[in-house]
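Chains, contacts and geometry: an overview
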Protein chains: 2
Amino acid sequence: MELASLKGAFEAGQRRYVAEWRQLLSFPSVSTDPAHERDCLDCADWLVEHISRLGFNAQRLETTGKPVVFGERPGAPDKPAVLFYGHYDVQPADPLEAWTTPPFEPQLRGGRMYARGAQDNKGQLFAALKAVETLVEGDALDCTLKIIIEGEEESGSQGISSALERWREQLRADILMVGDTGTVSSGAPTIIMGLRGAVHLTVSLTGPTHDLHSGTHGGRAPNPAEGMACLVGRLRDATTGRIAVGKFYDQVRPPSREERELANAHDGDEASYRAETGVPSMGGEREFTPTERVGFRPSLDINGIHTGYDGAGMKTIIPSVARAKITARLVPDQDPAACLANIIRHLQDHTPEGLELRVDEQGALGPGFRLDLGSPLIRKAKAVLDQLDDRETAFLWEGASVPVVSSLAQVSGAEPLLVGFGSEQDRIHAPDESFSLDQFSLDYLYTALMLTSL
Amino acid sequence: MELASLKGAFEAGQRRYVAEWRQLLSFPSVSTDPAHERDCLDCADWLVEHISRLGFNAQRLETTGKPVVFGERPGAPDKPAVLFYGHYDVQPADPLEAWTTPPFEPQLRGGRMYARGAQDNKGQLFAALKAVETLVEGDALDCTLKIIIEGEEESGSQGISSALERWREQLRADILMVGDTGTVSSGAPTIIMGLRGAVHLTVSLTGPTHDLHSGTHGGRAPNPAEGMACLVGRLRDATTGRIAVGKFYDQVRPPSREERELANAHDGDEASYRAETGVPSMGGEREFTPTERVGFRPSLDINGIHTGYDGAGMKTIIPSVARAKITARLVPDQDPAACLANIIRHLQDHTPEGLELRVDEQGALGPGFRLDLGSPLIRKAKAVLDQLDDRETAFLWEGASVPVVSSLAQVSGAEPLLVGFGSEQDRIHAPDESFSLDQFSLDYLYTALMLTSL
């Protein structure tokens, strides 16, 4: 189909798309929280039914974790088979009080849909599904299309990952389309050339068997709150910004000169970064540009510390326990398991005397990967994007992780293609997440054009 | 009155004492939490009525904060006037789930009363009031007795402190009896020879205007959780245990050789400290004994850190803000205001780039003080304690603060006398706080004997 008729189709369907999208967003499918188990299953069932109605053979594939939604529609044998990936689970919505409207009661304000998952990934996913619908209805989808939508992207993708090998035949494809990414800060169309991997862990430091009076014991009892601060506050060198964990950088693959140049070409300016986030680009390693740090270097972040009193006024205690949550982002060719082990060993080696370290939870979200700048598929995607936008297509090495992408590529034998329309303004993972109808429409047009150009 | 008849009186009254004590403990008079404002006032009113019934001219004295309960009963002109101090407010009860029975539903189990405030200070205070009652009823109280019970000891004593000057005439006395302290770890009768002062503050570090995705921004955005860890994790030197704040030790008054020897004589052994608290005596400055660190040296403790995610699983964010609560304990002749200013300056000087420090709350709980070992009053108290216990009376330089005591001593012109019967087992400020009937009875007997021996 041509761009003009696609635009007309979108115009005609838009009101219905929004109504259906709202339904999808109203499921609180928070995969990390067991309290939302039922909501995740309901969301999966809704998608199976929806995809069936698009003319796909759709079903729920059970895993050891949340089920995967899978749909398949055979095409012409001489056309490539496309595997499309998305996820129906979302991040937790807390802090709830920071939302303007409730996270699971989607509201359209000023051309943007506000809800948890509005962008990540239900918005991007649903725009693509609507494009597929338009092609099917216009009899314009001639390639084989397989749709796989998992329910644990935000919590480690373990269910899908452990089942992939079993589904190898079903998933076989030539191209793996992934729409869970964003654009460079200018908003220009963007092809993602790499993603980081990640590992995560929750640790606790225990000290006294009960909270102690900080007068009677101050200067005598070791303090887990202070101990945790020392421990996690020294995971990076304060001067260089380098991660202080031993062997952490040993396997890091440096970027080529071309990769480095293309990446730095789209480094947003400092002023707009500050305007978007409220902070300067001061984190990470001093010796690299902000773009290089995010795209080509591993990072380590404390996601939470909780210990002692947080109410009004003061409470003069030495708390009995302190907890911290930590994630590290990895680049090729770092091995997730080895990195996790190195971090844990570092924490053990630096645990303050008198306190006890416990690793409460740990996991790997897969390794990082980088794509090949010279691939014909990448060039075709660039041509499609050139039709939709006057601006030069950007090549971006993402800092985020879509852990299952590299496993999916490996199992399906497909070449990954990562194009998405998220922007910093969408505030994914944070309160007031949103996705604009303009972004939704671009995503729809790109997906339709790409599928028909193969 | 003689010891034998006092013991008889206690025996006869015990059942009623416990019933009344339960009533006092059932008020959730948490002064630091505005939600308990009404409970504090109700508790004060209950005490005014109770003290009136003992034959005192009692009233609520209003302050800028919680009211003070004041009662007075004139005695023989040739007898000394005694000012008795206690407090009716208590620490917050959280974490509630850690209590065996609810904190404000007092329960007597195995000879111990369990409730928030069971010891600190409602238990010790009420035992003394019952001793006074016995003396009044036995026509044996011949000295002038003034009772002052404040409602903000656990939150800075600001109301009483700001009103003291106004009440100078009313408070004039010769002896200031304070029953808000404990015994050495062996449980031997104990005279407190010093208390530490304290300052407290709540600080926050703000970074991004909203929680950021730790993949997209990890290595680029400064992380307030990590920044707070660095900031508060470096307030003490990890090797020496010394507080790293500039000028912090400048005014610290060293103990005399006699003070040091008497203090170290009652240093509990390491095994029982570990059994009581669950930790070794590893905190604080390496070059001092645990007893010296608590009695003669200042300390600094992190009472709480709260930032980011604390739910199940992981949440891959760079949190937007981190909060920490800090207290420092001070010894003579450290000036609280100067110490607070020095801590704040240190935090400001070490605030990581890209993050913003805010002091949300700060306050001083008065300076530390030390009493004179040669005083006749101290010797008289020792003689009374020798009657009650075969063991040698211990002299203890306490690590805790009763901030208002030094101000009260100064305004009233009275010599302080600090004898209390708290023990580590009572778990004050923690879940399952308790006070045994044996402790209650000793407190009763000591107060009665002391008042009649003057």
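Residues numbered from 1 in each chain as written. Chains lettered and ligands numbered in written order. Predicted model: local features only at pLDDT ≥ 70, side-chain atom pairs only at ≥ 80, totals over all residues. Heavy atoms only, no water.

1. Some points on the overall build of chain A
Which entries qualify depends on this criterion: Secondary structure counts use DSSP, requiring at least four H or I residues in a row for a helix and at least two E residues in a row for a strand, with both numbered from the N terminus. C-alpha atoms define the radius of gyration in this analysis, and the globule rule sets the expected value at 2.2 Å times the number of residues to the power 0.38. Only protein chains enter the area calculation, which uses a 1.4 Å probe; residues under 20% of their type maximum are buried, those over 50% are exposed, and those in between are partly exposed.
Helix and strand counts for chain A stand at 14 helices and 18 strands. For chain A, whose C-alpha radius of gyration is 23 Å, the value lies close to the compact-globule estimate of 22 Å for 454 residues. Dimensions of chain A, computed from the C-alpha atoms along their principal axes, are close to 80 × 50 × 45 Å. Relative to its full complement of 454 residues, chain A shows a buried share of 64%.

2. A few points about the interface of chain B and chain A
Using the following cut-off: Pairs of residues are marked as contacts when any of their non-hydrogen atoms sit within 4.5 Å. Summed over both partners, buried area is the accessible surface (1.4 Å probe) that two parts give up on being assembled. A carboxyl oxygen of Asp or Glu within 4 Å of a side-chain nitrogen of Lys or Arg is what we treat as a salt bridge. The definition of a polar contact used here is a pair of N or O atoms within 3.5 Å, where within protein one atom must be able to donate a hydrogen and the other to accept one, and adjacent residues in sequence count solely through side-chain atom pairs. Strand pairing is defined by DSSP finding a minimum of two bridges between the two strands.
Between chain B and chain A, the residue contacts involve 89 residues of the former and 89 residues of the latter. Interface area, chain B with chain A, both sides summed: about 7,900 Å², of which 51% is carbon and sulfur. Where chain B touches chain A, the interface holds 6 salt bridges. Asp94(B) is the partner of Lys315(A) in a salt bridge, and the nearest nitrogen-oxygen pair spans 3.8 Å. Our count for the chain B to chain A interface comes out at 56 residue pairs in polar contact (both at pLDDT 80 or more). Pairing of strand β11 (residues 299-308) of chain A with strand β11 (residues 299-308) of chain B involves 5 bridges; the strand directions are antiparallel. Of the residues in β11(B), the one forming a bridge with Gly308(A) is Gly304(B).

3. Side note on the packing of aromatic side chains
Applied cut-off: Only Phe, Tyr and Trp rings take part, Trp by its six-membered ring, and two of them pair if their centres are within 6.5 Å. Stacked means planes under 30 degrees apart, edge-to-face means over 60, and tilted covers everything else. Comment: the charge-over-ring label is applied if NZ (Lys) or CZ (Arg) is within 6 Å of the ring centre and within 35 degrees of the ring normal.
Under the definition given, this model contains 22 aromatic pairs over all chains. Judged by centre distance (5.5 Å) and plane angle (50°), the rings of Phe296(B) and Trp397(B) are tilted. With Phe296(B) in helix α10 (residues 290-296) and Trp397(B) in strand β16 (residues 394-397), this residue pair connects regions lying 101 residues apart in the sequence. By relative accessible area, which is 2% here, Phe296(B) ends up buried. Taken together, the aromatic side chains of Phe10(A), Tyr17(A), Trp21(A), Phe435(A), Phe440(A) and Tyr444(A) make up a single cluster linked through ring pairs. The ring of Tyr114(A) carries Arg109(A) above its face, with NZ or CZ at 3.9 Å from the centroid. Directly above the aromatic system of Tyr273(A) lies the positively charged group of Arg220(B), at a separation of 4.0 Å from the ring centroid.

4. Quick look at helix α13 (residues 404-412) of chain A
Residue and element names in this part refer to chain A. The element α13 is largely enclosed, with a buried count of 7 among its 9 residues. If you check which residues of α13 are buried, you get Val404, Val405, Ser406, Leu408, Ala409, Val411 and Ser412. Note on α13: the residue one or two positions beyond its end, glycine 413, has a positive phi of about 75°.

5. Considerations on the pairing of strand β3 (residues 81-87) of chain A
Residues and elements named next belong to chain A. When you tally the buried positions in β3, you get 7 out of 7 residues, the bulk of the element. Side chains of β3 alternate between two faces, with Ala81, Leu83, Tyr85 and His87 and Val82, Phe84 and Gly86 buried alike. Strand direction decides the pairing type here: β3 and strand β6 (residues 144-150), joined by 7 bridges, are parallel. Within β6, the residue paired with histidine 87 across the bridge is glutamate 150. Sheet analysis places β3 next to strand β7 (residues 175-178), joined by 4 bridges and oriented parallel. If you follow tyrosine 85 over to β7, its bridge partner there is valine 178.

6. Considerations on the relation of the copies chain B and chain A
Quick reminder of the rule: The superposition of copies rests on a least-squares fit of C-alpha positions from residues with pLDDT of 70 or more in both.
Least-squares fitting of chain B to chain A yields an RMSD of 0.1 Å, with the transformation described by 0.0 Å of translation along the axis and a rotation of 179°. Taken together, the rotation and translation relating the two chain copies correspond to the operation of a two-fold axis. The C-alpha atom lying nearest the rotation axis in chain B is that of Ala229(B); the distance is 2.0 Å. When you check the interface residues of chain B against chain A, 100% turn up at the interface there too, and the contact is symmetric in its surfaces.

7. Points about the environment of Pro189(B)
Residues and elements named next belong to chain B. Take proline 189: it is sitting in the loop between β7 (175-178) and β8 (190-195). Here proline 189 falls in the buried class, since its relative accessible area comes to 5%. Along the sequence, proline 189 and arginine 168 sit 21 residues apart, while their C-alpha atoms lie 32 Å from each other. Excluding its chain neighbours within four sequence positions, the residues that come into contact with proline 189 are Leu385, Asp389, Arg391, Glu392, Thr393 and Ala394.

8. Regarding the environment of Pro431(B)
Residue and element names in this part refer to chain B. Within the secondary structure layout, proline 431 lies in the loop between β17 (415-419) and β18 (434-436). Here the alpha-carbon distance between proline 431 and alanine 98, two residues 333 residues apart in the chain, equals 5.9 Å. With residues up to four places along the chain from it excluded, the contact list for proline 431 reads Pro95, Ala98, Trp99 and Arg116.

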